[in-house]
Amino acid sequence: MDLFILKADNSKELEKISEELSQNKFNLIQEEEHFKLMKKKRYGNYYVHILFLIIGLFVTSPALIVNIIYFAYSYLWASPHVLITTELKSDDGENLEFNTMDEVLEKANKLF
């Protein structure tokens, strides 16, 4: 699971960033006054699923299990999470390292 952190200066900017991410198919997971947590679900590359399905149906059935493992990996661990926050420090008092919107969108649209 990748966690990206985006900085918002105020609540209006927080809404603007979350709206932009919503347009890029991110779903809201959790929301509070000073942050929003969003996730884009990834299911894996469709061509890879089709390839493993064909191999599993016509050649060897363990390829179907590999396909299920690839799907689970893509859905559970490769789906990017974005935290949009107005805070500058973590709970530990350390400064947060912020990402850019370009980094987030690049990872979200990545094929593998």
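The structure under discussion appears in the preceding block.
All of the points below concern the structure found in this document.

1. Let's talk about the sheet that holds strand β4 (residues 80–85)
Through backbone hydrogen bonds, the strands of a sheet pair up, either in parallel or in antiparallel fashion.
And step 1. Within the open sheet, the 4 strands sit side by side as β1-β4-β3-β2. Their pairing is mixed. Either end of the sheet is taken by a strand with one partner, and the two such strands are β1 (2–7) and β2 (27–31). Neighbouring strand axes in the sheet, compared pairwise and without regard to direction, differ in orientation by 25° on average.
And step 2. Sheet topology note: the β2/strand β3 (residues 35–39) ladder contains 4 bridges and is antiparallel. When the bridges of β3 are listed, asparagine 27 appears paired with lysine 39.
And step 3. Where helix α1 (residues 11–23) meets the sheet, its contacts fall on β1, β2, β3 and β4, and the angle it forms with β3 comes to roughly 5°.
And step 4. Across the sheet, helix α4 (residues 101–108) lies against β1 and β4, angled at about 150° from β1, the strand it touches most.

2. So, α4
And step 1. Along α4, the positions that sit buried rather than exposed are Met101, Val104, Leu105, Lys107 and Ala108. Seen from one end, α4 has its buried residues packed into an arc of 160°, which puts them on one side. Relative to its buried face, α4 has exposed residues pointing more than 90 degrees away, namely Asp102 and Glu106.
And step 2. Tucked into the core, α4 has its buried residues touching β1, α1 and β4.

3. What about the packing of aromatic side chains?
And step 1. For the coordinates displayed, the defined rule picks out 3 aromatic pairs.
And step 2. Look at tyrosine 43 and phenylalanine 71: their rings are 6.0 Å apart centre to centre, the planes differ by 5°, and that puts the pair in the stacked class. One end of the pair, tyrosine 43, is in the loop between β3 and α2 (46–58); the other, phenylalanine 71, is in helix α3 (residues 62–76), with 28 residues separating them in the sequence.
And step 3. The class of tyrosine 43 is partly exposed, set by a relative accessible area of 36%.
And step 4. Residue class for phenylalanine 71 comes out partly exposed when judged on its relative accessible area of 35%.
And step 5. Through pairs of rings, three or more aromatic residues link up here, namely Tyr43, Phe71 and Tyr75.
And step 6. The aromatic ring of tyrosine 75 is capped on one face by lysine 39, whose charged end is 4.9 Å from the ring centroid.

Here is what the cut-offs are and how they apply
Residues numbered from 1 in each chain as written. Predicted model: local features only at pLDDT ≥ 70, side-chain atom pairs only at ≥ 80, totals over all residues. Heavy atoms only, no water. Pairing = 2+ DSSP bridges. Helix = DSSP H or I, 4+ residues; strand = E, 2+ residues; numbered from the N terminus. Axes fitted to C-alpha atoms, helices over the stretch in contact; angles between N-to-C directions. Contact = heavy atoms within 4.5 Å. Buried < 20%, exposed > 50% of the residue type's maximum accessible area, 1.4 Å probe, protein only. Arc of directions from axis to C-beta. Phe/Tyr/Trp six-rings, centres within 6.5 Å; stacked < 30°, edge-to-face > 60°. Lys NZ or Arg CZ within 6 Å of the ring centre and 35° of its normal.

Scope: geometric values only; no functional claims are made or implied.
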